[in-house]
Amino acid sequence: MRLTSDQLRIFLDAGPAIDVQVTGVRGSSPRDVGAWMLVSLQSVIGTIGGGQLEYMMTDESRKMLRLSIGKKTCTVPLGPEIGQCCGGQVEIELEIVKDKAVILTRHEKELSAQPDILIFGAGHVGKALAQTLALLPVNPILIDQRKSELPNISGVENRLSPLPEAEVRRAKPGSAIVVLTHDHALDFLIVGEALARGKFGYVGMIGSKTKRAVFSNWLIETYDRAVLATDLVCPIGGASVTDKRPEVIAALVAAQIIQALDQAGQLTTAKNSRGIEHAR
């Protein structure tokens, strides 16, 4: 599950910690510049990629806490020397947390930069997709006209909306739109609105090739712009998997959305708080 601000605040209030950040990268590495974790004497929150590198930096951080060392920079080759075969080199800065507000603000900025995923339709697939996306660095928003269908899923925002297409109009640029409602006419209305605005990283609609053809004809009659249909992903999922269970469809669609947003630059890791860019 994604790290919440409350979880981070509880960790910081528990005692002293070391802020561990990737500040430089050359070649291949487990994480990019900006990746971070916090290390206390008892636990770790966040990750810089796992493996031997993370183990070493966790151990180094705890030595700093025990010896009251305030700051340190480590340059680590990711090769046979440490038993990690990425082959690159990373620079890691370790610094004792002096101001909790700085860490909390950094985390809030990262959360606010995550793209919104608007899921229209809280049926079986919509719920499964929301649960899947709740694990990823995105903001899933589940939208439905039926209050009784909106579930309580941690990390997922629910929106009860009598006019779902209106949610498209106020969506942030770069968001993903996934349409899974119980009504084909409503599907077409939402998708038509999304394509007409042309500002989203992904627009997908559940259905078959036949449904897409019907939608394309409707689009010509309604918008007089058939070319818009080329921007639509339908059927969604993008893989030749015959299993139609909601959880399987959700996994395929989530992967497709993440790939599309990554290609659009919506998932780029932010610079770290010290403002250092990475080298390739």
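Residues numbered from 1 in each chain as written. Predicted model: local features only at pLDDT ≥ 70, side-chain atom pairs only at ≥ 80, totals over all residues. Heavy atoms only, no water.

1. Brief notes about the sheet that holds strand E6 (residues 116–120)
The strands making up a sheet are joined through hydrogen bonds of the backbone, oriented either antiparallel or parallel. Spatially, the five strands line up as an open sheet ordered E8-E7-E6-E9-E10, and their pairing is parallel. A single partner strand is all that each edge strand has here, and the edge strands are strand E8 (157–160) and strand E10 (202–205). Sheet twist, expressed as the average angle between the axes of neighbouring strands with direction ignored, equals 15°. As defined by bridge partners, strand E7 (residues 139–144) adjoins E8 across four bridges and the pair is classed as parallel. Its bridge partner lying in E8, Asp144 is registered against Leu160. Contacts from helix H6 (residues 184–197) reach E6, strand E9 (176–179) and E10, with the element oriented near 165° to E10. (Pairing = 2+ DSSP bridges. Helix = DSSP H or I, 4+ residues; strand = E, 2+ residues; numbered from the N terminus. Axes fitted to C-alpha atoms, helices over the stretch in contact; angles between N-to-C directions. Contact = heavy atoms within 4.5 Å.)

2. A word on the sheet that holds strand E1 (residues 18–26)
Across the sheet, which stays open at both edges, the five strands sit in the order E3-E2-E1-E5-E4 with antiparallel pairing between neighbours. Two strands in the sheet have a free side with no partner beyond their single neighbour: strand E3 (44–46) and strand E4 (71–77). Going across the sheet, the axis of each strand differs from the next one's by a mean of 20°, ignoring polarity. Where E4 lies against strand E5 (residues 89–96), seven bridges are found, and the strand directions are antiparallel. Bridge assignment links Val76 to a residue of E5, and that residue is Val90.

3. Concerning the environment of Thr4
Position of Thr4 among the secondary structure elements: in the segment before helix H1 (5–13). Since its relative accessible area comes to 33%, Thr4 is described here as partly exposed. Considering only alpha carbons, one finds Thr4 and His107, 103 residues apart in sequence, at a separation of 8.7 Å. (Buried < 20%, exposed > 50% of the residue type's maximum accessible area, 1.4 Å probe, protein only.)

4. Points about the packing of H6 against helix H7 (residues 209–223)
Running from N to C, H6 and H7 cross one another at 60°; their axes reach a closest spacing of 10 Å. Judged on the interaxial angle alone, H7 and H6 are oblique. The crossing of H6 and H7 is right-handed. Listed contacts from H7 to His184, Asp187, Phe188, Leu189, Val191, Gly192, Glu193, Leu195 and Ala196 of H6 are Lys211, Val214, Phe215, Trp218, Leu219 and Tyr223. (Parallel < 35°, antiparallel > 145°, perpendicular 65-115°, else oblique. Left-handed = near helix turned anticlockwise from the far one by under 90°.)

5. Here's the deal with the packing of aromatic side chains
Within this structure, the stated rule accounts for three aromatic pairs. In this structure an aromatic cluster arises from ring pairing among Phe188, Phe215 and Trp218. (Phe/Tyr/Trp six-rings, centres within 6.5 Å; stacked < 30°, edge-to-face > 60°.)

6. What about the pairing of E9?
Every second residue of E9 is oriented toward a common face, with Ala176 and Val178 on one face and Ile177 and Val179 on the other, all of them buried. Bridge count between E6 and E9: four bridges; the pairing is parallel. In the strand pairing of E9, Leu118 is matched with Ile177. Bridge count for E9 against E10 is four bridges, and the pairing is parallel. Bridge pairing in E10 places Ile177 opposite Val203. For the handedness criterion, the β-α-β arrangement of E9, H6 and E10 is classed as right-handed. (Right-handed = clockwise from strand over helix to strand, strands pointing away.)

7. Side note on the pattern of salt bridges
Pairs can form between side chains of opposite charge whenever their charged atoms are close. The final tally for this structure, using the stated rule, is 15 salt bridges. For Asp19, the salt bridge identified is with Arg106, shortest N-O distance 3.0 Å. Of this pair, Asp19 sits in strand E1 while Arg106 sits in helix H3 (residues 100–113), and the two are 87 residues apart along the sequence. In this structure Asp19 comes out as buried when scored by relative accessible area, which is 6%. Here Arg159 makes a salt bridge to Glu167, at a shortest N to O gap of 2.9 Å. Relative accessible area serves as the criterion here: at 16%, Arg159 is assigned to the buried category. Classification of Glu167 by relative accessible area gives buried; the value is 7%. (Salt bridge = Lys/Arg side-chain N within 4 Å of Asp/Glu carboxyl O.)

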